[in-house]
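Chain residues, written in single-letter form:
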Amino acid sequence: MSGSLLRLACTAAMATGALFVAAPAMAVPDPGTQGRPVAQLLTDLQRLYRDAARASETYNATAEQLKKQKTEVARLDGGLTKARLSLLDSRDAAGRLARQQYQNSSEISSYVRLLLARDPQHALDEGHVIGQLARQRVETEDRLMRTEKRADELAREARRALDGQLGLAERQKRERDEVRGRLRGAEELLASLSTDQLAEMARLEKSGVSTAQRELVTSGALSSARPPSREGEEAVRYAVDQLGKPYEWGAVGPMSYDCSGLTSQAWDHAGRPIPRTSQEQWAQLPRIPLSKLRPGDLVIYFPKATHVALYVGDGLVVQAPRPGTKIKVSPLATNPLLGAVRPDPDGKPLRRYTPPSIREGSKVSAPSRARGTARPAADSPHPK
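The following refers to the structure shown. Per chain, residue numbering runs from 1 following the sequence as it is written. The predicted nature of this model means local features are confined to residues of pLDDT at least 70 and side-chain atom pairs, given and counted, to a pLDDT of 80 or more, with totals for whole chains, interfaces and linings taken over all residues. Calculation of side-chain values draws on the structure's entire complement of heavy atoms; hydrogens and water are dropped beforehand.

**Re a positive patch on the surface**
No. 1: For patch building, the residue pool is restricted to those with more than 30% relative accessible area and no salt bridge; the joining distance is 9 Å between like charges and 5 Å between nonpolar side chains (Val, Leu, Ile, Met, Phe, Trp, Tyr). Note on areas: Shrake-Rupley, 1.4 Å probe, and residue coverage restricted to the protein chains presented here. Each reported salt bridge corresponds to a side-chain nitrogen of Lys or Arg within 4 Å of a carboxyl oxygen of Asp or Glu. Residues scored as charged are limited to Lys and Arg (positive) and Asp and Glu (negative), so that His and the chain ends carry no count. Lysine's charge is taken at NZ, arginine's at CZ, aspartate's at CG and glutamate's at CD. On the surface, a cluster of positive charge is made up of Lys149, Arg156, Arg159 and Arg160.
No. 2: Among the secondary structure elements, Arg159 is positioned in helix α6 (residues 120–191). Numbering of helices and strands runs from the N terminus, with a helix taken as a DSSP run of H or I at least four residues long and a strand as a DSSP run of E at least two residues long.

Quick look at the structure:
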């Protein structure tokens, strides 16, 4: 959670775009929420956003599967087209050889023809040609049968792949509707709260994050400062350059991002592609203890790995928090931690590294450096 619930309520309609009906400019308190403790309302809202994040990452995973399935369908279709062309060629060759053999056939045996021939050598040569044609016909027929079998197999595979594509598209639609429903529930809860409730909720949220961050720092988990690898520095630079851009679920840039869209694109830009979703990033990338964090590492949140941020050092992360917010720098303990992963475990730390000058909630340019040589930060920082 970001600590900006009051502002989020005012911008809910703009954040969700065309997915939802625009909320009233002034929230009308819901009598059903007036008697409930604000702490409980905050818990409910956090749960709704957590459920939306889970559904969003599931949607993203299905989108990746659908992309791969479309590629497989295209590959099979291409193979099927080639097999059918080869089948036509084989049939033409078989027909041509059959005609040639028929034209050279005779009811007289090869032995009698040899005895009656005026030129035995010519008869022998002719017989050799006829035999060669017969062998070619057998080989062509075998190839024809194999090609027909392969074409049938490819046709069945293409049909199965297409059925799988249609199934994934339908599942993606259901998951999209689930995300919309979860987000709509969060928007409706926000719209039902009074200004005082929203202010108290924001205060509680900020206090909770501050407490969690203080406990993390005092535990010594972040006591070591480590420079990033060259790829990690590139990932940090890319992520910091996106500060201020809006969150949009399912987005991978360049104008907007969701949480894993930001982290995956940052590392793709650094030349080290990683899985698209936070769950796959947690499942497939090497895990590291928080005490070993270095800039560029990914911090994973919630028990089901439904949120991810990119570590930039000094106990801070760059993240795309949730709908209605913008990419920002936050304390590492903004959400319940699950663990951390390193996309480049074989990357060598830079000898010289100057961290970007960023603060919580700031938006500045990342420093421009290459291969460990520190340079001044960009001359024109973004507005705070």
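**Here we look at the sheet that holds strand β3 (residues 307–313)**
No. 1: Strand order in the open sheet formed by 6 strands is β1-β6-β2-β3-β4-β5, and the pairing between neighbours is antiparallel. The open sheet is flanked by β1 (287–288) and β5 (328–331), the only strands paired with a single partner.
No. 2: Strands pair, by our definition, only if DSSP identifies at least two bridges between them. Pairing of β3 with strand β4 (residues 316–319) involves 3 bridges; the strand directions are antiparallel. Following the sheet pairing, Gly313 is matched in β4 by Leu316.
No. 3: Residue contacts follow a heavy-atom distance rule, with two residues in contact if any of their heavy atoms lie within 4.5 Å. The axes are straight lines fitted to the C-alpha atoms, using for helices just the contacting stretch, and the angles between their N-to-C directions are given from 0 to 180°. The strands touched by helix α9 (residues 259–269) are β2 (298–301), β3 and β4; relative to β3, the strand with the most contacts, the crossing angle is about 50°.

**Observations concerning the nonpolar core**
No. 1: Core analysis: the largest hydrophobic core is formed by 49 residues, its most contacted members being Leu298, Leu310, Val312 and Val318.
No. 2: Counting residues per element, the ones that place at least two in this core are α4 (38–103), α6, α7 (195–218), α8 (230–241), α9, β2, β3 and β4.
No. 3: The element contributing the most residues to this core is α4, with 9 residues.
No. 4: Setting aside residues no more than four positions away along its own chain, Val318 makes contact with Ala239, Val240, Leu243, Leu262, Ala309, Leu310, Val312, Ile327, Lys328 and Val329.
No. 5: Nonpolar core, defined: a set of buried Ala, Val, Leu, Ile, Met, Phe, Trp, Tyr and Cys residues in which side-chain atoms within 4.5 Å join the residues together. Throughout, exposure labels follow a simple rule: accessible area from a 1.4 Å probe, protein chains only, divided by the maximum for the residue type, with under 20% read as buried, over 50% as exposed, and the rest as partly exposed. If you look at the next biggest cluster of nonpolar residues, it comprises 14 residues, including Leu216, Leu222, Leu293 and Val299.

**Regarding the pattern of salt bridges**
No. 1: Counted under the stated rule, the structure contains 10 salt bridges.
No. 2: Its salt-bridge partner being Arg276, residue Asp258 comes within 3.1 Å of it at the nearest N-O pair. Linking Asp258 in the loop between α8 and α9 with Arg276 in the loop between α9 and α10 (278–284), this pair joins segments that are 18 residues apart in sequence.
No. 3: Take Asp258: its relative accessible area is 0%, and that puts it in the buried class.
No. 4: Judged by relative accessible area, Arg276 falls into the buried class, the value being 11%.
No. 5: Arg342 is the salt-bridge partner of Asp297, the closest N and O atoms lying 2.9 Å from each other. Note that Asp297 is positioned in the loop between β1 and β2 and Arg342 in the segment after β6 (337–341), a separation of 45 residues in sequence.

**Some words on the side chain of Thr306**
No. 1: Relative to the helices and strands, Thr306 is located in the loop between β2 and β3.
No. 2: Contact partners of Thr306, with chain neighbours within four places excluded, come to Arg50, Ala53, Arg54, Glu57, Cys259, Ser278, Gln279 and Tyr301.

**Thoughts on the packing of α8 against α9**
No. 1: Close contact between α8 and α9 brings their axes to 8 Å; oriented N to C, the two are set at 130°. When the axis of α8 is compared with that of α9, the two are oblique. Relative to α9, α8 is oriented so that their crossing is right-handed. On the side of α8, the interface is formed by Glu231, Gly232, Glu234, Ala235, Tyr238 and Ala239, while α9 contributes Leu262, Gln265, Ala266, Trp267 and His269. Roughly parallel covers angles under 35 degrees, roughly antiparallel covers those over 145, roughly perpendicular covers 65 to 115, and oblique covers all other angles. Here a crossing is called left-handed whenever its near helix is offset anticlockwise from the far helix by less than a right angle, and right-handed whenever the offset is clockwise.

**Comments concerning the environment of Ala161**
No. 1: Here Ala161 shows up in helix α6.
No. 2: Taking relative accessible area as the criterion, Ala161 reaches 5% and is therefore assigned buried.
No. 3: Along the chain, Ala161 and Gln69 lie 92 residues apart, while their C-alpha atoms are 6.9 Å from each other.
No. 4: Contact partners of Ala161, with chain neighbours within four places excluded, come to Gln69, Val73 and Leu76.

**Notes on the environment of Gln197**
No. 1: Tracing the backbone through its elements, the reader meets Gln197 in helix α7.
No. 2: Using a relative accessible area of 6% as the deciding quantity, one classes Gln197 as buried.
No. 3: For the pair Gln197 and Val38, spaced 159 residues apart in the sequence, the C-alpha separation amounts to 6.4 Å.

**Notes on α8**
No. 1: Expected helix span is taken as 1.5 Å per residue step, with the number of steps being one fewer than the number of residues. Helix length check: α8 (12 residues) gives 17 Å between terminal C-alpha atoms against 16 Å at 1.5 Å per residue, within 8%.
No. 2: Where burial is concerned, most of α8 is hidden: 10 out of the 12 residues are buried.
No. 3: Buried within α8 we find Glu231, Gly232, Glu233, Glu234, Ala235, Val236, Arg237, Tyr238, Ala239 and Val240.
No. 4: Here the buried face of α8 lies against α9, β3 and β4.

**Quick look at unusual backbone geometry**
No. 1: Of the consecutive residues Gly253 and Pro254, the connecting peptide bond is found in the cis state with omega at 0°.
No. 2: The phi torsion at Phe302 lies on the positive side, around 70°, for a residue other than glycine.
No. 3: In this fold, Phe302 is placed in the loop between β2 and β3.
No. 4: Looking at Phe302, the relative accessible area reads 11%, which means it is buried.
No. 5: The phi dihedral of Asp314 falls on the positive side, at around 55°, and the residue is not glycine.
No. 6: Considering the arrangement of structural elements, one finds Asp314 in the loop between β3 and β4.
No. 7: The exposure class assigned to Asp314 is exposed, which follows from its relative accessible area of 73%.

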